[in-house]
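Here are the chains, one letter per residue:
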Amino acid sequence: MNCDIAIIGAGIAGMTAAIYAARAGKSVVMIEKEAVGGQITLSPRVENYPGFKEISGLDLADNVFNQALSLGVNLDVDEVRSIEKTDEGFKLTGSYTEHTAKAVVIATGLKHRRLEAAAAFEGEGVSYCAVCDGMFYRGKTVAVVGGGNTAVSDALYLADICEKVYLIHRRSGYRAEKAVLDRLLANEKIIRLENKVIDSMENADGGKLLHLKDTQGGADTDVAVAGLFVALGHIPQNDAFKDLVDLDEFGFVRAGEELLTKTPGIFVAGDCREKTVRQLTTAASDGASAGLAAAKYIDNL
Ligand SMILES: Cc1cc2nc3c(=O)[nH]c(=O)nc-3n(C[C@H](O)[C@H](O)[C@H](O)COP(=O)(O)OP(=O)(O)OC[C@H]3O[C@@H](n4cnc5c(N)ncnc54)[C@H](O)[C@@H]3O)c2cc1C
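Residues numbered from 1 in each chain as written. Predicted model: local features only at pLDDT ≥ 70, side-chain atom pairs only at ≥ 80, totals over all residues.

1. Looking at the overall build of the protein
Per the secondary structure count, the protein includes six helices and 17 strands. For the protein, the C-alpha radius of gyration of 21 Å lies close to 19 Å, the compact-globule estimate for 301 residues. Principal-axis analysis of the C-alpha atoms places the extent of the protein at approximately 65 × 35 × 35 Å. Buried residues in the protein amount to 44% of all 301 residues. The contacts of the protein with a sequence gap of at least 6 include a subset with a gap of at least 24, amounting to 60%. (Helix = DSSP H or I, 4+ residues; strand = E, 2+ residues; numbered from the N terminus. Rg over C-alpha atoms; globule rule 2.2 N^0.38 Å. Buried ≥ 20, exposed ≤ 12 C-beta atoms within 10 Å, placed from the backbone. Contact = placed C-beta atoms within 7 Å.)

So this is what it looks like as structure tokens:
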């Protein structure tokens, strides 16, 4: 398919970029490898997207998708495996399709590293986002599993909302910035359970019972919590594009204010780029900026 702007990924960032680009008079295709809507379709309840006191992730994604379709945006289901620069612009090659476009927006989001022992409870007491779901556990006891910057920051964030926070880490050292670590060590609401892994979990007394194994051969323990936050890291999905865009040490795409990458004509939006806050509002904001910047780029060709 030949169009003005090809958008890789139909999450909130990609769909918002499509809406802005289409409203700027450009022909747009979104190429999505899995489900339209991206990560948020996994959330039964969103309470922090302006304009909706409460909405399910699926309904929100559906609304945005229908808005994009009503503007003439096209959707193709495929995984984009490469972007090539050509005389006319760019060629995007997928597993089954090929697209040519004058400009590209990469909006590939990320995947959360999952905890197998908690997989059956995702969305029902197991969350991957403290900022999104922390409020649901106000005044309760929760656990965070992980030992990196995100896990420590999540524990600190939740300590301000919850009664008590267990931080479960398979080692005793944390891969976190010193300032964050100092705050962790000083916070009396956070109980560090070090050298422990979650072996399994079950429903108990309206909450969850976590069965922990000691990695140093010590005794197994059980911990009762209202909810578990998994913070084992993010997996960006940008490797296929690394010849045309700069990636940071974690694999996120680097870009400036206009969301332009190092290649003129390739823009980036949403969770897949290097940034500090990964939320729906920031994904939508990126989408708006990238969609408009891509349209402007074409106007100036
Ligand atoms: C369970 C859960 C609950 C959440 N709750 C909230 C909340 O309450 N409030 C909030 O603000 N945020 C919440 N978030 C975070 C929010 O969902 C994300 O910040 C936001 O959805 C990011 O949007 P995105 O478009 O950048 O990426 P994504 O939603 O990750 O979308 C990227 C899309 O790109 C596709 N893709 C990737 N690579 C390719 C490729 N090569 N070719 C084609 N397609 C590709 C993926 O399949 C995906 O559909 C939650 C996240 C999760 C997981």
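From this point, things continue past the structure.
2. Thoughts on the site of the ligand
Close to the ligand lie 36 residues, the nearest being G9, G11, G38, G109 and G270. Of all the elements in the fold, those that place two or more residues in the shell around the ligand are α1 (12-23), β2 (28-32), β7 (110-112) and α6 (280-299). Residue composition of the shell around the ligand, by class: 16 nonpolar, 14 polar and six charged. Looking at which domains feed residues into the shell around the ligand, each of domain 1 (2-111 + 234-299) and domain 2 (114-230) gives three or more. (Near = placed C-beta within 6 Å. Nonpolar A, V, L, I, M, F, W, Y, C, P; charged D, E, K, R; others polar. Domains from an automatic or database assignment.)

3. Observations concerning the pairing of strand β11 (residues 190-194)
As judged from the five bridges shared by strand β10 (residues 164-169) and β11, these two strands associate in the parallel manner. The residue of β11 that forms the bridge with I168 is L193. For the handedness criterion, the β-α-β arrangement of β10, helix α5 (residues 178-186) and β11 is classed as right-handed. (Pairing = 2+ DSSP bridges. Right-handed = clockwise from strand over helix to strand, strands pointing away.)

4. Topic: the sheet that holds β10
A sheet is described by the order of its strands in space; here five strands give the open sequence β8-β15-β9-β10-β11, paired in parallel fashion. Where the open sheet ends on each side, the last strands, each with one partner, are β8 (126-127) and β11. Of the strand pairs in this sheet, strand β9 (residues 141-145) and β10 are connected by five bridges, and their pairing is parallel. For V145, the partnering residue across the bridge sits in β10 and is I168.

5. Brief notes about the domain arrangement of the protein
The domains assigned to the protein are domain 1 (2-111 + 234-299) and domain 2 (114-230). Averaged C-alpha coordinates put domain 1 and domain 2 at centres separated by 32 Å. Opposite the six residues of domain 1 that make contact, domain 2 presents four residues.

6. Some points on the nonpolar core
Of all hydrophobic cores here, the largest spans 56 residues; its most connected members are A18, V104, V105 and I106. With nine residues, α1 is the single largest residue contributor to this core. Counting 34 residues, the second-largest nonpolar core is a separate cluster that includes A118, A155, I168 and A226. (Core = buried A, V, L, I, M, F, W, Y, C linked by C-beta atoms within 7 Å.)

7. Digging into the packing of α1 against α6
Look at α1 against α6: their axes get within 7 Å of each other, and the N-to-C directions meet at 40°. With respect to the hand of their crossing, α1 and α6 are arranged in right-handed fashion. Between α1, through I12, A13, G14, M15, T16, A17, A18, I19, Y20 and A21, and α6, the contact on the second element is made entirely by L280, A283, A284, D286, G287, A288, A290, G291, L292, A294 and A295. Residue composition of the contact of α1 with α6, grouped by class: 16 nonpolar, four polar and one charged. (Axes fitted to C-alpha atoms, helices over the stretch in contact; angles between N-to-C directions. Left-handed = near helix turned anticlockwise from the far one by under 90°.)

8. What about α1?
The end-to-end C-alpha separation of α1 is 16 Å, in line with the 16 Å expected for 12 residues at 1.5 Å each. Burial analysis of α1 places 11 of its 12 residues in the buried class, the great majority of the element. Turning to α1, its buried residues are I12, A13, G14, M15, T16, A17, A18, I19, Y20, A21 and A22. Looking at the packing, one finds that the buried side of α1 touches β1 (2-8), β2, α2 (57-70), β6 (98-106) and α6. Looking one or two residues beyond α1, the residue adopting positive phi is G25, at roughly 90°. (Expected span 1.5 Å × (residues − 1).)

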